[in-house]
Amino acid sequence: EAGVAQSPRYKIIEKRQSVAFWCNPISGHATLYWYQQILGQGPKLLIQFQNNGVVDDSQLPKDRFSAERLKGVDSTLKIQPAKLEDSAVYLCASSLDRTATIPGEQYFGPGTRLTVT
Amino acid sequence: RKEVEQDPGPFNVPEGATVAFNCTYSNSASQSFFWYRQDCRKEPKLLMSVYSSGNEDGRFTAQLNRASQYISLLIRDSKLSDSATYLCVSERSSYKLIFGSGTRLLVRP
């Protein structure tokens, strides 16, 4: 079974530039998550989709971050304009319907390592 | 105060040792708890769930104490391959996971 795919794996941009990340979840997974992991910290949820609807975006900095999940499959996360403090690994995860999986089990992609200079 | 707090370590132990990690959580409404493992520069992966009755999986034992709001992970007979960061995780409603900052374990030969 193919895992969660993310691209690009690495990205270096200057502050005030824009950047976009792409995620393809495991086939059949209805729920998709975007996390930000700053060095030395645990992942922090930015946004959660159930199919193509937003379940939770309370920690998404909406003045600069946006995300969409068209057709309930792939998703993109965009930052515009980027700040130095956005340097982090951006992880995408997906999970099955609650009744069909181990509670709490989310499958993570390899992440995109963003450096803002 | 962070919702899930862990000792960052590192815990440096010899092969074969027993090591225990604790974490505390502040949100009494948290419903479920888990330990995830994250290898260096890799993505997190679910290690095991944590139940009040205790949960054992081979050399790993997890325990939840709701009264004191802490979670523990015990690793027996440590292997070199156990070297990683262990993330304590609580789950709120709607499958929202709250991650601690992780405890780093180094197992030396």
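Another aspect to go through is the environment of B:Met48. Residues and elements named next belong to chain B. Among the structural elements, Met48 can be located in strand E5 (residues 44-50). Take Met48: its relative accessible area is 4%, and that puts it in the buried class. Taking the C-alpha atoms as reference points, Met48 and Trp35, separated by 13 residues in sequence, lie 5.5 Å from one another. When neighbours within four sequence positions are excluded, Met48 is seen to be in contact with Phe34, Trp35, Asn55, Glu56, Asp57, Phe60, Thr61, Ala62 and Leu73.

In this section: the sheet that holds strand E8 (residues 70-75) of chain B. All names here are of chain B. Strand order in the open sheet formed by 5 strands is E1-E3-E8-E7-E6, with antiparallel pairing between adjacent strands. Both outer strands of the open sheet, strand E1 (4-6) and strand E6 (55-57), are each paired with one neighbouring strand and no more. For this sheet the average axis-to-axis angle between neighbouring strands, irrespective of direction, equals 20°. Where E6 meets strand E7 (residues 60-65), 3 bridges bridge the pair, whose relative direction is antiparallel. The partner of Glu56 across the bridge, within E7, is Thr61.

Right, let's get into the pattern of salt bridges. Side-chain pairs of opposite charge can arise where the charged atoms are in close proximity. For the coordinates displayed, the defined rule picks out 9 salt bridges over all chains. A salt bridge links A:Asp56 to B:Lys96; its shortest N-O distance comes to 3.2 Å. With A:Asp56 in strand E6 (residues 53-56) and B:Lys96 in the loop between strand E9 (84-91) and strand E10 (97-99), the pair connects residues from two separate chains. Ionic pairing is found between A:Asp57 and A:Lys62, a salt bridge with its closest N-O pair at 3.8 Å.

Let us now look at the pairing of E6(A). All names here are of chain A. Note that strand E5 (residues 44-50) and E6 share 3 bridges and pair antiparallel. When the bridges of E6 are listed, Gln48 appears paired with Asp56. Remark: 2 residues form the turn of the hairpin made by E5 and E6, two consecutive strands paired antiparallel; Asn51 in that turn has positive phi of roughly 55°.

Bringing the pairing of strand E11 (residues 112-116) of chain A into the picture now. Taken residue by residue, a regular strand's side chains alternate between the two faces of the sheet. All names here are of chain A. Side chains of E11 alternate between two faces, with Thr112, Leu114 and Val116 buried and Arg113 and Thr115 left unburied. Where strand E2 (residues 10-13) meets E11, 4 bridges bridge the pair, whose relative direction is parallel. In the strand pairing of E11, Ile13 is matched with Val116. Bridge count for strand E9 (residues 88-95) against E11 is 3 bridges, and the pairing is antiparallel.

The strands that make up a sheet pair up through hydrogen bonds in the backbone, lying either parallel or antiparallel. All names here are of chain A. Reading across from one edge, E1-E3-E8-E7 is the order of the 4 strands in this open sheet, with antiparallel pairing throughout. Each edge of the open sheet carries a strand with a single partner, namely strand E1 (5-7) and strand E7 (65-68). When strand polarity is set aside, the average angle formed by the axes of neighbouring strands in this sheet is 15°. Relative to strand E8 (residues 75-79), strand E3 (residues 19-24) is paired through 5 bridges, and the arrangement is antiparallel. Pairing of Val19 across the sheet is with Ile79, part of E8.

All right, on to the interface of chain A and chain B then. Listed per partner, the contact involves 25 residues of chain A and 18 residues of chain B. Here chain A is connected to chain B by 1 salt bridge. At the surface where chain A touches chain B, the tally comes to 3 residue pairs in polar contact (both at pLDDT 80 or more). Of all elements in the fold, only strand E4 (31-37), E5 and E6 of chain A reach the threshold of two or more residues within the side of chain A that touches chain B. Looking at the side of chain A that touches chain B element by element, the count peaks at 3 residues for E4(A). Looking at side-chain class alone, the side of chain A that touches chain B contains 11 nonpolar, 10 polar and 4 charged residues.

Thresholds applied
Counting restarts for each chain, with residues numbered from 1 along the sequence as it is written. Chains and ligands are labelled by the order in which they are written, letters from A for the one and numbers from 1 for the other. Two thresholds apply to this predicted model, a pLDDT of at least 70 for residue-level local features and 80 or more for giving and counting side-chain atom pairs, whereas whole-chain, interface and lining totals are computed over all residues. Side-chain measures were taken over the full set of non-hydrogen atoms in the model, leaving aside hydrogen atoms and water. Only DSSP runs of H or I covering at least 4 residues are called helices, and only runs of E covering at least 2 are called strands; the numbering of each starts at the N terminus. Working definition: with a 1.4 Å probe on protein chains only, accessible area under 20% of the residue-type maximum means buried, over 50% means exposed, and in between means partly exposed. Note on definitions: a residue-residue contact is assigned when non-hydrogen atoms from the two residues lie within 4.5 Å. Should DSSP find at least two bridges between two strands, the strands are regarded as paired. For helices, the fitted axis covers only the stretch in contact; all axes are lines through C-alpha atoms, and the angles between them, taken along N-to-C directions, range from 0 to 180 degrees. Any Lys or Arg side-chain nitrogen found within 4 Å of a carboxyl oxygen on Asp or Glu counts as a salt bridge. Here a polar contact is recorded for every N or O atom pair within 3.5 Å, except that within protein the pair must consist of a potential hydrogen donor and a potential acceptor, and residues adjacent in sequence are included only if both atoms are side-chain atoms. Ten residue types, Ala, Val, Leu, Ile, Met, Phe, Trp, Tyr, Cys and Pro, are classed as nonpolar, four, Asp, Glu, Lys and Arg, as charged, and the remainder, Gly among them, as polar.

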